[in-house]
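Structural overview for review
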Amino acid sequence: QQPVQSPQAVILREGEDAVINCSSSKALYSVHWYRQKHGEAPVFLMILLKGGEQKGHDKISASFNEKKQQSSLYLTASQLSYSGTYFCGTDHYNQGGKLIFGQGTELSVKP
Amino acid sequence: DTAVSQTPKYLVTQMGNDKSIKCEQNLGHDTMYWYKQDSKKFLKIMFSYNNKELIINETVPNRFSPKSPDKAHLNLHINSLELGDSAVYFCASSQEGTGGYNEQFFGPGTRLTVL
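The sections below set out a description of the structure shown in this document. Since the model is a prediction, treat every value here as computed from it, not as a measurement.

1. Things to note about the state of the cysteines
Residues and elements named next belong to chain A. This model, assessed by the stated rule, comprises two disulfides over all chains. One disulfide in the model links cysteine 22 with cysteine 88; its S-S distance is 2.0 Å. A torsion of 70° about the S-S bond marks the disulfide between cysteine 22 and cysteine 88 as right-handed. Placement of the pair is cysteine 22 in strand β3 (residues 18–23) and cysteine 88 in strand β9 (residues 84–91), with a sequence separation of 66 residues. Look at cysteine 88 and you get buried, because its relative accessible area is 0%.

Structural data, given as structure tokens:
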């Protein structure tokens, strides 16, 4: 079952904040976040493994609520380089490590 | 040094032809994957190999056959190509036995166009 991401698209001005949500209908073992720029490969951002875990580096962080089967990606003080499509990938128990990716959230940061 | 490489980068071919895409990783990872990304950017796993052994085989037409000669290589052969096979195919790799808790490194992708 594909996780659902929201919003589908968001436009920001440099310096603004954004939140991207990822919801699953199945119990989650872990959540991965990736960013893909146009014409390029997806690039890993972070993995969240435990319920309630929060991780971050630079101005991008994420949380994982295992009970709600949700994860959120927080982008603060956005930069032009943050533009791209963000994907969450969910790993469910007993799935052999298979990642199921959401439909993606297109983020555009304007000057 | 390129971590995960794929060849070719672009592939344009006629319906009914057979084609192969090659993937190599120099990260020493145990697990490799093939993903298909369609025109709507939907990224879907097709296959996964761990140490040359097939561990994930999604509902993919049997015209698609992966082959892993060693743990650093995972190739994808496609028979009797159809229009719906047009997509970008990504190879990826990760450490350990599963991708559940280890980041996946993606190759640059192969854009396949079937005419």
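Read on, since the account is not over.
2. Observations concerning the pairing of strand β7 (residues 64–70) of chain B
Successive side chains on a regular strand alternate, one facing one side of the sheet and the next facing the other. Residues and elements named next belong to chain B. One ladder, built from five bridges, connects β7 with strand β8 (residues 73–78); its direction is antiparallel. Bridging from a neighbouring strand, proline 66 pairs with leucine 76 of β8. Here β7 hands over to β8 after two residues, the two strands then running antiparallel side by side.

3. Remarks on the side chain of threonine 31 of chain B
Structurally, the position occupied by threonine 31 of chain B is in strand β4 (residues 31–37). There is a polar contact of 3.0 Å between the side chain of threonine 31 of chain B and the side chain of asparagine 50 of chain B.

4. Overview of the interface of chain A and chain B
Across the boundary between the two partners, chain A contributes 22 residues, which contact 20 residues of chain B. A buried area of about 1700 Å², summed over both sides, lies between chain A and chain B, and 59% of it is on carbon and sulfur atoms. When residues of chain A are sorted by the area they lose upon contact with chain B, Pro42, Lys98 and Phe101 of chain A head the list and together hold 26% of the total. At the boundary of chain A and chain B, one finds one salt bridge. The shortest N-O distance in the salt bridge between lysine 98 of chain A and glutamate 58 of chain B comes to 3.0 Å. At the boundary of chain A with chain B, the tally comes to four residue pairs in polar contact (both at pLDDT 80 or more). Breaking the side of chain A that touches chain B down by element, the ones donating at least two residues are β4 (30–36), β5 (42–48), β9 and β10 (99–101) of chain A. Among the elements that line the side of chain A that touches chain B, the one with the most residues is β4 of chain A, at four residues. Taken together, the residues of the side of chain A that touches chain B break down into ten nonpolar, eight polar and four charged.

5. A few points about the pattern of salt bridges
Residue and element names in this part refer to chain B. Throughout the structure, instances matching the rule amount to five salt bridges over all chains. With a closest N to O distance of 3.7 Å, lysine 44 and glutamate 58 form a salt bridge. Here the residue lysine 44 occupies a position in strand β5 (residues 43–50), and glutamate 58 occupies one in the loop between β6 (53–57) and β7, the gap between them amounting to 14 residues. Lysine 44 gets classed as partly exposed once you look at its relative accessible area, which sits at 35%. A salt bridge links arginine 63 to aspartate 85; the shortest N-O distance between them is 2.8 Å. One end of the pair, arginine 63, is in the loop between β6 and β7; the other, aspartate 85, is in the loop between β8 and β9 (87–94), with 22 residues separating them in the sequence.

6. Some remarks on the environment of lysine 98 of chain A
Here lysine 98 of chain A is to be found in the loop between β9 and β10. Using a relative accessible area of 13% as the deciding quantity, one classes lysine 98 of chain A as buried. Residues lysine 98 of chain A and leucine 80 of chain A lie 18 residues apart in sequence; the distance between their C-alpha atoms is 32 Å. Here lysine 98 of chain A is in contact with Thr90 and Asp91 of chain A together with Ile45, Ile56 and Glu58 of chain B, once residues within four sequence places are set aside. Polar side-chain contacts of lysine 98 of chain A include one of 3.0 Å to the side chain of glutamate 58 of chain B.

7. Overview of the packing of aromatic side chains
As enumerated under the stated definition, the model contains nine aromatic pairs over all chains in all. Ring centres of tyrosine 33 of chain B and tyrosine 35 of chain B lie 6.1 Å apart, and the angle between their planes is 35°; on these two criteria the pair is classed as tilted. Considered together, tyrosine 33 of chain B and tyrosine 35 of chain B belong to a single accessibility category, that of buried residues. Connected via pairs of aromatic rings, a cluster forms that spans Tyr34, Phe44, Phe87 and Phe101 of chain A together with Tyr33, Tyr35, Phe90 and Phe106 of chain B.

8. A closer look at a nonpolar patch on the surface
Residue and element names in this part refer to chain A. The grouping of Tyr29, Leu49 and Tyr93 at the surface amounts to a nonpolar patch, some 260 Å² of accessible area in total. You can see tyrosine 93 is positioned in the loop between β9 and β10. With a relative accessible area of 40%, tyrosine 93 lands in the partly exposed category.

What counts, and where the lines are drawn
The numbers attached to residues start from 1 for each chain and follow its sequence in the written order. Throughout, the order in which chains and ligands are written sets their labels, letters from A for the former and numbers from 1 for the latter. Selection of residues for local features in this predicted model requires a pLDDT of at least 70, selection of side-chain atom pairs for listing and counting requires 80 or more, and totals for whole chains, interfaces and linings are taken over all residues. Neither water nor hydrogens contribute to the side-chain values; these are computed over all heavy atoms in the structure. The rule for a disulfide is simple: a pair of cysteine sulfur atoms within 2.5 Å. The helix count covers DSSP runs of H or I at least four residues long, the strand count covers runs of E at least two residues long, and both are numbered beginning at the N terminus. Partly exposed residues are those whose accessible area sits between 20% and 50% of the maximum for their type, while under 20% is buried and over 50% is exposed, using a 1.4 Å probe and protein chains only. Pairing between two strands is assigned when DSSP locates at least 2 bridges connecting them. Any N or O atom pair separated by 3.5 Å or less is treated as a polar contact, with the protein-specific requirement of one donor-capable and one acceptor-capable atom, and with residues adjacent in sequence counted only for side-chain atom pairs. Contact definition: two residues touch when any of their heavy atoms are within 4.5 Å. In short, buried area is how much 1.4 Å probe accessible area vanishes from two parts on joining, totalled over both. Basic side-chain nitrogens of Lys or Arg form a salt bridge, by our definition, when they fall within 4 Å of a carboxyl oxygen of Asp or Glu. Classification convention: Asp, Glu, Lys, Arg as charged; Ala, Val, Leu, Ile, Met, Phe, Trp, Tyr, Cys, Pro as nonpolar; all other residues, Gly among them, as polar. Here is the rule: rings of Phe, Tyr and Trp (six-membered ring for Trp) pair when centre to centre is within 6.5 Å. Planes less than 30 degrees apart are stacked, more than 60 are edge-to-face, and the remainder are tilted. Think of a patch as exposed residues, more than 30% relative accessible area, with no salt bridge, where like charges cluster within 9 Å and nonpolar side chains (Val, Leu, Ile, Met, Phe, Trp, Tyr) cluster within 5 Å. Computed with the Shrake-Rupley method and a 1.4 Å probe, the accessible areas treat only the protein chains shown as cover for residues.

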